[in-house]
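Chain and residue survey
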Amino acid sequence: MSTSPPPPRSRGRLRTAALTAAGCLLAAGCSAPTGEADGPGRGAGPGADRMKVVLITHGGEGDTFWDPVREGAEAAAAKDGVDLAYAGDLDPAGQARLVREAVRDRPDGIAVTLAKPRAMEGPVAEARAAGIPVVGLNSGIDAWQSAGLLAYFGQDEGVAGRAVGHRLNAVRASRALCVIHERGNVALEARCAGVKKAFKGETEMLYVEGTDMTAVGAAVTARLRQDTGIDEVVTNGARYALTAVESVEAAGSTARVATFDLDADLVDAVRDGDVRFAVDQQPYLQGYLAIDALWLHRVNGGVSGGGAAPVLTGPAFVTRANVDAVARFAAEGTR
């Protein structure tokens, strides 16, 4: 089924509404309606009959990557007549606490990311014991089944990393620096491991503190000055790619930059040739499909992927050749 993306909305308003809804639902057990729809299985309006779902990610405060995830989740909730609450915490213990609070509030479904799978084992088990269906998205493709999740929506990060490695081979790169901005994040580690596996040249991992962009830029600049043989910098997020572009210039390096993930600012960088390509995992689609899957499970017993396979949303490569085709959607916050 094809669903058109919603009209552009203020990300600031979305973020405020989402966090307010999360606090309301998690702390007080009240609903935060995101839309109304008529039809079988859909709530006709706010009230006890409306389905309540909580989306809990490892997104840190101010991390705009999660804006399209929330946009997609909000769009699905509005279509399905679901009361949706959002909460996020970069700290795995904090995210685990949010899931436990949600379980106590007894929602009809939980969607969760598994960036640090071991930290989520206990909370997810508590949700299952309470009879609450849980789906995964974005991170944890190798852990969702063992954790007992109903379905998973995201990119196979190892596959994506290997695809990047093959592209670097095609442009005859020889030395790659893969920048990991969150140590222990299984998705980021898998990406760089995939690059290293497929790339015929040398791959070095550079760990940086992703919450401090000044430190990120300084670390990349210093490494490029130390090793002038590095001819490709691969980052794991749009804002890190833009910082890497500045680092290449500051270091007087001839290295090119490629990245995982996309946003509106990066579209311009790809169009201008400052960034070679971006790997789009389609986070809007991840949020949309996760919420819609929980609704479909409730109203029709559906299980996306049959519970046996993930539903892949990437990798989709955005290059200078096709960037204009996704530019409008990126500007609207849905790509």
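Cut-off values and rules
- Residues numbered from 1 in each chain as written.
- Predicted model: local features only at pLDDT ≥ 70, side-chain atom pairs only at ≥ 80, totals over all residues.
- Heavy atoms only, no water.
- Helix = DSSP H or I, 4+ residues; strand = E, 2+ residues; numbered from the N terminus.
- Buried < 20%, exposed > 50% of the residue type's maximum accessible area, 1.4 Å probe, protein only.
- Contact = heavy atoms within 4.5 Å.
- Areas by Shrake-Rupley, 256 points an atom, 1.4 Å probe, with all protein chains shown as cover.
- Salt bridge = Lys/Arg side-chain N within 4 Å of Asp/Glu carboxyl O.
- Core = buried A, V, L, I, M, F, W, Y, C linked by side-chain atoms within 4.5 Å.
- Expected span 1.5 Å × (residues − 1).
- Arc of directions from axis to C-beta.
- Polar contact = N/O pair within 3.5 Å; in protein donor to acceptor, adjacent residues only side chain to side chain.

Quick word on the overall build of the protein
- Secondary structure summary: the protein contains 11 helices and 12 strands in total.
- The buried share of the protein, taken over its 335 residues, is 53%.
- Residue pairs in contact within the protein that sit at least 24 positions apart in sequence constitute 74% of those at least 6 positions apart.
- Accessible surface, the protein: about 13900 Å² in total, of which carbon and sulfur atoms supply 50%.

Quick look at the pattern of salt bridges
- Enumeration over the complete set of coordinates arrives at 19 salt bridges.
- The salt bridge partner of Asp89 is Arg97, with a shortest N-O separation of 3.9 Å.
- Overlapping salt bridges, with partners in common, bring together Arg175, Glu202, Glu204, Arg223 and Asp227 in one network.

Topic: the nonpolar core
- With 29 residues, the main nonpolar core has Val179, Leu224, Val233, Val257, Leu262, Leu266 and Val275 as its most contacted residues.
- For this core, the elements supplying multiple residues, two or more each, are β6 (175-180), α7 (213-226), α8 (238-251), α9 (264-272), β10 (275-280) and α11 (323-331).
- Among the elements that line this core, the one with the most residues is α8, at 6 residues.
- In terms of nonpolar packing, the next biggest core, distinct from the first, is built from 25 residues, Trp66, Val69, Ala76 and Tyr288 among them.

Brief notes about α7
- For α7, with 14 residues, the first-to-last C-alpha span of 20 Å sits near the 20 Å given by 1.5 Å per residue.
- Looking at α7, one finds that the buried residues are Val216, Gly217, Val220, Thr221, Arg223 and Leu224. Here the buried residues of α7 occupy an arc of 165 degrees about the axis, which is enough to place them on one side. Facing away from the buried side of α7, by more than 90 degrees, are the exposed residues Thr214, Arg225 and Gln226.
- As for α7, its buried residues are in contact with β6, β7 (202-207), β8 (232-235) and α8.
- The backbone nitrogen of Thr214 has a side-chain oxygen 3.2 Å away, supplied by the residue at the start of α7, namely Asp212.

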